[in-house]
Amino acid sequence: MTISEFAEKIGAQILVMPDPDAEITGGYCGDLLSWVMGRAEEGQVWITIMTNLNILAVATLSGISGILLSENVEIDSGVIKKAEEQGINIIRTAMSTYEAALALGKL
């Protein structure tokens, strides 16, 4: 399943999607950036409430398919712009991290 298909199926808001065909191989939940950087795997969707600029570095280093922001957290427009420049997909949902992980697991 691609990140764009996933976003559509769970009703996520697309904040930036420069690579809509990125394939999803699984998911990873976490809010401690260094922890995620060492454990998230290429192709996964990273579910988090973190929204600072450092999430883009973690996404790039881990090779994830995209970031799913849970809890409807707000994100700065500067981070969105930088994500577009770096080719990083970011979507958002009102679901909790737990609910988002369940939704991904069911798909």
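This text follows the structure it describes.
Residues numbered from 1 in each chain as written. Predicted model: local features only at pLDDT ≥ 70, side-chain atom pairs only at ≥ 80, totals over all residues. Heavy atoms only, no water.

Digging into the environment of Glu5
Within the secondary structure, Glu5 sits in helix α1 (residues 3–10). What makes Glu5 partly exposed here is its relative accessible area of 38%. For Glu5 and Arg92, which are 87 residues apart along the polypeptide, the C-alpha to C-alpha distance reads 14 Å. A polar contact is formed between the side chain of Glu5 and the backbone nitrogen of Thr2, at a distance of 2.9 Å. (Helix = DSSP H or I, 4+ residues; strand = E, 2+ residues; numbered from the N terminus. Buried < 20%, exposed > 50% of the residue type's maximum accessible area, 1.4 Å probe, protein only. Polar contact = N/O pair within 3.5 Å; in protein donor to acceptor, adjacent residues only side chain to side chain.)

Topic: unusual backbone geometry
Positive phi is not limited to glycine here, since Glu71 has a value of about 60°. With respect to the helices and strands, Glu71 occurs in the loop between β4 (66–69) and α4 (77–86). Taking relative accessible area as the criterion, Glu71 reaches 45% and is therefore assigned partly exposed. Within the chain, Asn72 stands out as a residue other than glycine whose phi angle is a positive 55°. Within the secondary structure, Asn72 is located in the loop between β4 and α4.

Examining a negative patch on the surface
On the surface, a cluster of negative charge is made up of Glu5, Glu8, Asp19, Asp21 and Glu23. You can see Asp21 is positioned in the loop between β1 (13–16) and β2 (26–29). (Patch = residues over 30% accessible without salt bridge, like charges linked within 9 Å, V, L, I, M, F, W, Y side chains within 5 Å. Areas by Shrake-Rupley, 256 points an atom, 1.4 Å probe, with all protein chains shown as cover. Salt bridge = Lys/Arg side-chain N within 4 Å of Asp/Glu carboxyl O. Lys, Arg positive; Asp, Glu negative; His and termini not counted. Charge placed at Lys NZ, Arg CZ, Asp CG, Glu CD.)

Quick word on the pairing of β2
In terms of strand pairing, β2 meets strand β3 (residues 44–48) through 4 bridges, oriented parallel. From the neighbouring strand, Gly26 faces β3, where its bridge partner is Gln44. Between the parallel elements β2 and β3, the chain passes through helix α2 (residues 33–39) in a crossover that is right-handed. (Pairing = 2+ DSSP bridges. Right-handed = clockwise from strand over helix to strand, strands pointing away.)

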